[in-house]
Amino acid sequence: MSLFKKKNQKKENSKKSSELVEFLMLENSNDETLLKIADNLKNHVPYIINFEKIEVDEINKAIAFFSGITYALEGEVILIREKVIMFGDNDAFSDGTLKIFVKELT
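Calculation notes
- Residues numbered from 1 in each chain as written.
- Predicted model: local features only at pLDDT ≥ 70, side-chain atom pairs only at ≥ 80, totals over all residues.
- Heavy atoms only, no water.
- Buried < 20%, exposed > 50% of the residue type's maximum accessible area, 1.4 Å probe, protein only.
- Helix = DSSP H or I, 4+ residues; strand = E, 2+ residues; numbered from the N terminus.
- Arc of directions from axis to C-beta.
- Contact = heavy atoms within 4.5 Å.
- Core = buried A, V, L, I, M, F, W, Y, C linked by side-chain atoms within 4.5 Å.
- Pairing = 2+ DSSP bridges.
- Salt bridge = Lys/Arg side-chain N within 4 Å of Asp/Glu carboxyl O.
- Expected span 1.5 Å × (residues − 1).

1. Quick notes on helix α4 (residues 97-105)
For the α-helix, the turn length of 3.6 residues means that residues three or four positions removed from each other point alike. Among all positions in α4, only Thr97, Leu98, Phe101 and Val102 are buried. Axial view of α4: buried residues confined to an arc of 135 degrees, hence all on one face. Exposed side chains of α4 directed beyond 90 degrees from the buried face belong to Ile100, Lys103 and Glu104. In this structure, the buried side of α4 is in contact with β1 (22-25), β2 (47-50), β3 (76-81), β4 (84-88) and α3 (90-93).

Right, dumping it as structure tokens:
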């Protein structure tokens, strides 16, 4: 019988990172929307976000915000094409499937 339990144990996820990717057409850059996506990024959900439906100022705000979150998570930002960008934390890129997925897209 153990008196102490290990904290912060990572749950093993049987899905590949490339299977967890969320695709999103961003239609506004209000704080509520951005924070919801940021929470998912912190929970190791990579996003491919299409910014084509919003204005340049909103695009800049959203990209700066997501880039900051991604940097804090030691992740990566990958340009898929103009106004379409992938954001993911370090864990999302660790198995290598996202890099392969991106190569297949481009």
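Back to the write-up after that little detour.
2. Section: the nonpolar core
Counting residues in each nonpolar core, the largest one holds 15 residues, and the members touching the most others are Leu26, Ile37, Leu41, Ile49, Phe51, Phe66 and Phe87. Of all the secondary-structure elements, those providing two or more residues to this core are α1 (31-42), β2, α2 (56-72) and β4. Ignoring anything within four residues of it in the chain, the contact list for Ile49 reads Leu24, Leu26, Ile37, Phe66, Lys83, Val84, Ile85 and Phe87. Formed by eleven residues, the second largest nonpolar core is a distinct cluster that contains Val21, Ile78, Phe93 and Phe101.

3. Looking at the environment of Glu74
Secondary-structure assignment places Glu74 in the loop between α2 and β3. For Glu74, a relative accessible area of 60% gives the class exposed. Considering only alpha carbons, one finds Glu74 and Asp91, 17 residues apart in sequence, at a separation of 8.8 Å.

4. Considering the pairing of β3
Of the pairings in the sheet, the one linking β3 to β4 comprises five bridges and is antiparallel in character. Among the inter-strand pairings, Leu79 is bridged to a residue of β4, identified as Ile85. Here β3 folds back onto β4 in antiparallel fashion, the turn holding two residues, of which Lys83 has a positive phi close to 70 degrees.

5. Some thoughts on the pattern of salt bridges
Scanning the entire structure with this criterion turns up five salt bridges. For Glu52, the salt bridge identified is with Arg81, shortest N-O distance 3.5 Å. Of this pair, Glu52 sits in the loop between β2 and α2 while Arg81 sits in strand β3, placing them 29 residues apart in sequence.

6. Digging into α2
In this model α2 runs 24 Å from its N-terminal to its C-terminal C-alpha over 17 residues, within 8% of the 24 Å that 1.5 Å per residue would give. Buried within α2 we find Ile59, Ala62, Phe66, Ile69 and Thr70. Each buried residue of α2 sits inside an arc of 105 degrees when the element is viewed along its axis, so together they form one side. Residues Val56, Asp57, Ala64, Tyr71 and Ala72 are exposed on α2 and point more than 90 degrees away from its buried face.

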